[in-house]
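Chain by chain, the residues run as shown.
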Amino acid sequence: MDPFFLEALVNGILLGGVFALPALGLNLVFGVVDVVWLCYAELVMVGMYAVWFLHTQAGWPLWLAFAACLPVVALLGLLLHLLVVRPLLNSPPINQVLATGGVLFVLQGAATLVFSTEFRSLGVDMPPMEVGEVFVSGTKLAAFVAALTGAGILWAFLKFTYVGTAIRAIARDREVMPLMGVDPQRIYLIASAVGGALAGLAACLLVVQLDVHPFVGLSFGPITFMICVMGGLGNMLGGFLAAFLMGLIISVGGFWGTTEFSYVVAFAFFILVMFLRPKGLFAR
Amino acid sequence: MSAALHQEAGSTLELSGIQAGYGDFQALFGVSLRVEPGEAVGVVGPNGAGKTTLLRAISGLIRPRAGTLRYGGQDLTAVPPHMLPGMGIAHVPENRRLFPHLTVEENLKVGAFTKAARARFEQRREHVFELFPRMKQRRHQLAGTMSGGEQQMCAIGRALMSGPRILLLDEPSAGLAPLVVQQVFELVRRIRQEGLTVLIVEQNVAQVLRVVDRAYVLETGRVAAEGRSAELAADPAIRRSYLGGH
Ligand SMILES: Nc1ncnc2c1ncn2[C@@H]1O[C@H](COP(=O)(O)OP(=O)(O)OP(=O)(O)O)[C@@H](O)[C@H]1O
Ligand SMILES: [Mg+2]
């Protein structure tokens, strides 16, 4: 096979790994709380600024800045739930979407005020690695491994713990949960914090690949939503698989054309899927 | 072994003048009812009589508009519904409401969510497997793929995982084949032999009167009759309406 094509495939899979995290987080929150966090990519943006600030301005070692980013964004997810989502739990969905959409603009505005619109770079890069006849960016490979590790930890949490099992249960039947001794409000809080932590991890992986600016969410937010809808909103496994599909389409599309062209292909594919399988690729 | 199920005899459940409904619609018009520790009590009545509403009011899934609802000394209307399993009250809801996409064992795990129940998960799971050997065979199977009877067993097992002293059962025999209905009632009998208090809602009047000590007849939200099972089974009016008798 053409080594450049092979490289595009490998990069597509690596990219998919990074898309997978925000898709998992968004689906987790939607599945449990039944509210779409329209500002999800902006939570990632805040996390990217946190890492950039702590590392380049406060002088923290990178690993420490990464380690701090997760709880910071988890807390942000918690606050988002407590201050914005919870008061609107019984409101029509449109109000909920407008509210989390409002938070999107608030976060963009706040980031502009605090950090200006300048592009900020972390300035770290790992040397490329040669695997067979393919060159792979060390940064991307590390990000991929970290994303899969995060997804694996999430899976184990959902599969083996009491709270994780309750999270999978509540996604199916909310009303019956109190009869199990489960306080749904508490599960909502936990899911929101975990959703935030996943955005935090995604921020760590993205900030080494992208310059951060107040509107950086636009470069992966829309894709994340497309992935979630394609995989079936609330379907974690579907979103996870769709992330890799989207990563491959973008990467291989970029191999044949330009990056912009590849996003057009991805979007066209999304529309096609919506026509053929409106409930998502993996709906039964 | 029954110690695995429940810690002590429990308390009296007492409803007095309960009114409840949905929005503008009133379903219960002053229902009074009492269940002593160790008793098995039935609530029977036709479709739409308010039987499910009654159990939902006890569990706090809907709040009564008037009346008192006490368990032991506790005013249940002041307790958040998710605290009830911890107080020894478990509710097997209408239509079982299993989590069909989780395995049998995972369903049991959700039933053991409270802190106290987690500590005794294995002990109680073994007890449930003893009561329902079929559940042990099917422990790794998705609950939604089982037969109706098996799902009902699983739903009862899930409720037992919280270690209740009183079990509220909402039409456990609904939609099951006659032979399976027999098995379900046999189970209810065994559960109460272990010392559990049972409040069971049923449309299958003939069967349920053989299992319970006393029963209430609920008609359009009111208690139309009450008494010991044998008395009710012998009552001509009840025979005519519910037992197809003459
Ligand atoms: N969620 C609801 N909203 C509005 N009305 C309801 C609701 N649930 C039940 N009702 C009404 O309340 C009344 C009592 O219903 P309930 O379900 O308690 O009856 P039931 O005795 O359990 O009947 P069944 O034997 O059919 O289960 C019925 O008239 C029913 O239509
Ligand atoms: Mg009913």
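What you are looking at is a predicted structure, and each value in this text was computed from that prediction instead of being measured.

> Looking at this structure, how should I read the pattern of salt bridges?
Pairing of side chains with opposite charge becomes possible as their charged atoms draw close. This structure, assessed with the given rule, holds 17 salt bridges over all chains. Where Lys159(A) meets Glu106(B), a salt bridge forms, and the shortest distance between an N and an O atom there is 3.1 Å. A residue pair is termed interchain when its members come from two chains, as with Lys159(A) in helix H5 (residues 138–160) and Glu106(B) in helix H2 (residues 104–111). A residue is classified by how much of its surface remains accessible, and Glu106(B), at 8% relative accessible area, is buried. With a shortest N-O distance of 3.0 Å, Glu105(B) and Arg139(B) are connected by a salt bridge. Highlighted residues: Glu105(B) in helix H2 and Arg139(B) in the loop between helix H5 (133–137) and helix H6 (148–160), separated in sequence by 34 residues. Looking at Glu105(B), the relative accessible area reads 14%, which means it is buried. Three or more residues joined by partner-sharing salt bridges are found here, namely Glu105(B), Arg125(B), Glu126(B), Lys136(B) and Arg139(B).

> What am I meant to see in helix H4 (residues 121–131) of chain B here?
Side chains three or four residues apart in an α-helix point the same way, a direct result of the helix having 3.6 residues per turn. Every buried residue belonging to H4(B) is among Phe121(B), Arg124(B), Arg125(B), His127(B), Val128(B), Phe129(B) and Leu131(B), and all of these are buried. Where H4(B) is buried, its residues contact helix H6 (162–170) of chain A together with H2, helix H3 (115–119), H5, H6 and helix H7 (178–193) of chain B.

> Even after reading the chapter, I still don't get the coordination of the magnesium ion (ligand 2), so can you show me in this structure?
Each donor-metal-donor angle would ideally measure 109.5 degrees in four-coordinate tetrahedral geometry, or 90 or 180 degrees in six-coordinate octahedral geometry. Residues and elements named next belong to chain B. All of the protein donors around the magnesium ion (ligand 2) are Thr 52 (OG1) and Glu 94 (OE); their distances to the metal are 1.9 to 2.2 Å. With Thr 52 in helix H1 (residues 51–59) and Glu 94 in the loop between strand S6 (89–92) and H2, this residue pair connects regions lying 42 residues apart in the sequence. Here Thr 52 falls in the buried class, since its relative accessible area comes to 18%.

> I tried to follow the interface of chain A and chain B on my own but got confused; where do I start?
Between chain A and chain B, the contact holds 22 residues from the first and 23 residues from the second. Summing both partners gives a buried area of about 2,200 Å² for chain A against chain B, and 63% of it is carried by carbon and sulfur. Sorting the residues of chain A by area buried against chain B places Tyr162(A), Leu179(A) and Met180(A) first, and these three jointly supply 36% of that buried surface. At the boundary of chain A and chain B, one finds five salt bridges.

> What am I meant to see in the sheet that holds strand S3 (residues 40–44) of chain B here?
Note: strands within a sheet are paired through backbone hydrogen bonds, in either parallel or antiparallel orientation. All names here are of chain B. Overall, mixed pairing links the six strands, which are arranged S6-S7-S8-S3-S9-S10 in an open sheet. Each edge of the open sheet is held by one strand with a lone partner, namely S6 and strand S10 (222–228). With direction set aside, neighbouring strand axes in the sheet form an average angle of 15°. Across six bridges, strand S9 (residues 214–219) lies against S10 in antiparallel orientation. Note that in S10 the partner of Leu 218 across the bridge is Val 223. The strands touched by H6 within the sheet are S6 and strand S7 (166–170), with S6 carrying the most contacts at an inclination of about 165°. Packing of H7 onto the sheet brings it into contact with S3, S7 and strand S8 (197–202), and relative to S8 it is tilted by some 160°.

> I would appreciate a short explanation of the sheet that holds strand S5 (residues 74–75) of chain B in the present structure.
Residues and elements named next belong to chain B. What the four strands build is an open sheet, ordered S2-S1-S4-S5; its pairing is antiparallel. Where the open sheet ends on each side, the last strands, each with one partner, are strand S2 (25–35) and S5. In terms of strand pairing, strand S1 (residues 13–22) meets S2 through eight bridges, oriented antiparallel. Looking at the pairing, Leu 13 lines up with Val 35 of S2. Helix-sheet contacts for H1 involve S1, S2 and strand S4 (66–71), and the interaxial angle to S1 is about 110°.

> Help me out: how do you make sense of the site of ligand 1 in this one?
Residue and element names in this part refer to chain B. Neighbouring ligand 1 are 14 residues; Asn 47, Lys 51, Thr 52, Thr 53 and Glu 94 lie closest to it. For ligand 1, an oxygen atom lies 2.8 Å from a polar atom in the side chain of Asn 47. For ligand 1, an oxygen atom lies 2.7 Å from a polar atom in the side chain of Thr 52. Considered on its own, ligand 1 offers 630 Å² of accessible surface; in the complex 63% of this is hidden by protein. Of all the secondary structure elements, the ones that give two or more residues to the shell around ligand 1 are S2 and H1. Looking at the shell around ligand 1 element by element, the count peaks at three residues for H1.

> In this structure, what is going on with the UniProt feature "transmembrane region" (unreviewed entry) in chain A? I would like to understand it.
Residue and element names in this part refer to chain A. UniProt feature "transmembrane region" (unreviewed entry): in the numbering of this structure it lies at residues 12–30, 37–54, 60–85, 97–115, 135–158, 187–208 and 263–282. End C-alpha atoms of residues 37–54 are separated by 26 Å, and the span's content is 83% helix alongside 0% strand. Taken end to end, residues 135–158 is 88% helix and 8% strand, and its two terminal C-alpha atoms sit 35 Å from one another.

> Would you explain the packing of helix H2 (residues 40–57) of chain A against helix H7 (residues 184–207) of chain A in this entry?
When two helices pack together, their arrangement is given by the angle between the helix axes and by the axis-to-axis distance. Residues and elements named next belong to chain A. The N-to-C vectors of H2 and H7 enclose an angle of 55°; their axes lie 8 Å apart at closest approach. Taken together, the axes of H2 and H7 are oblique relative to one another. The handedness of the crossing between H2 and H7 is right-handed. Between H2, through Tyr 40, Leu 43, Val 44, Gly 47, Met 48 and Val 51, and H7, the contact on the second element is made entirely by Gly 195, Leu 198, Ala 199, Ala 202, Ala 203, Cys 204, Leu 206 and Val 207. Residues that form the contact of H2 with H7 fall into these classes: twelve nonpolar, two polar and no charged.

Reading the values: rules and limits
- Residues numbered from 1 in each chain as written.
- Chains lettered and ligands numbered in written order.
- Predicted model: local features only at pLDDT ≥ 70, side-chain atom pairs only at ≥ 80, totals over all residues.
- Heavy atoms only, no water.
- Salt bridge = Lys/Arg side-chain N within 4 Å of Asp/Glu carboxyl O.
- Helix = DSSP H or I, 4+ residues; strand = E, 2+ residues; numbered from the N terminus.
- Buried < 20%, exposed > 50% of the residue type's maximum accessible area, 1.4 Å probe, protein only.
- Contact = heavy atoms within 4.5 Å.
- Donors = N, O, S within 2.8 Å, 3.2 Å for Na, K, Ca; no water.
- Buried area = accessible area lost by both parts, 1.4 Å probe.
- Pairing = 2+ DSSP bridges.
- Axes fitted to C-alpha atoms, helices over the stretch in contact; angles between N-to-C directions.
- Near = heavy atom within 4 Å.
- Polar contact = N/O pair within 3.5 Å; in protein donor to acceptor, adjacent residues only side chain to side chain.
- Areas by Shrake-Rupley, 256 points an atom, 1.4 Å probe, with all protein chains shown as cover.
- UniProt positions renumbered as here; feature names shortened; annotations may be inferred.
- Parallel < 35°, antiparallel > 145°, perpendicular 65-115°, else oblique.
- Left-handed = near helix turned anticlockwise from the far one by under 90°.
- Nonpolar A, V, L, I, M, F, W, Y, C, P; charged D, E, K, R; others polar.

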